[in-house]
Amino acid sequence: PEMQLFDLPFLFRDKDHLYKVLDEYNVKFKKIVVAQALLETGNFSSDLCRLHHNIFGLRHPSDGSYYEFSNWKDCVKAYRNDVQYKYMDGDYYVFLKHIGYAEDRHYTSKVKVIADRLPGDS
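The present account deals with the structure reproduced in this document. Note that the structure is predicted; figures quoted are calculated from it, not measured.

### Notes on the packing of aromatic side chains
Right, on to step 1. Per the counting criterion, the structure on display carries nine aromatic pairs.
Right, on to step 2. Relative to Y92, the ring of F29 lies with its centre 4.6 Å away and its plane at 20°, an arrangement referred to as stacked. With a gap of 63 residues between them, F29 in the loop between α1 (17-24) and α2 (30-41) and Y92 in helix α5 (residues 92-98) connect regions that are remote in the sequence.
Right, on to step 3. Note on F29: relative accessible area 31%, which makes it partly exposed.
Right, on to step 4. Classification of Y92 by relative accessible area gives buried; the value is 2%.
Right, on to step 5. Their ring planes at 85° and their centres at 5.4 Å tell us that Y87 and F95 sit as a pair that is edge-to-face.
Right, on to step 6. One aromatic cluster is present, built from ring pairs that chain together F29, Y87, Y92 and F95.

The rules behind these values
Counting restarts for each chain, with residues numbered from 1 along the sequence as it is written. Side-chain atom pairs in this predicted model are given and counted only at pLDDT of 80 or more, local residue features only at pLDDT of at least 70, and totals for whole chains, interfaces and linings cover all residues. Values reported for side chains reflect all heavy atoms of the structure, with hydrogen atoms and water molecules removed beforehand. Between 30 and 60 degrees the pair is tilted, below 30 it is stacked and above 60 it is edge-to-face, where a pair is any two Phe, Tyr or Trp rings, Trp via its six-membered ring, whose centres lie within 6.5 Å. Secondary structure elements are taken from DSSP: a helix is a run of H or I of four residues or more, a strand is a run of E of two residues or more, and numbering for both begins at the N terminus. Three labels apply to residues, based on accessible area from a 1.4 Å probe with only protein chains included: buried if under 20% of the type maximum, exposed if over 50%, partly exposed otherwise in between.

This is how it looks when you write it as structure tokens:
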């Protein structure tokens, strides 16, 4: 059977859990951020995600190595503190492109396709 987006109980108790944690940490544009996590981790299946709890592909600015977290909630906090704190206003996709979130020049359009398929409007 095909793996569903949130079928990894060791990471997420249910499909709404990531959204709840994003709420808990006051992360804006939750649907876009969830789409980023899905893209960055290959639907939460990458080694970086499974072994190091890095659900956003976050890297150290100094040397480009990936962050390793003891749990995925710490990764959500790091996203808020290291990425979203820079956001002031406007289109979040433009913001992601402006800060150079990913090397792939099609990154934001890929995230948008995934976000548009997710239920809800947040």
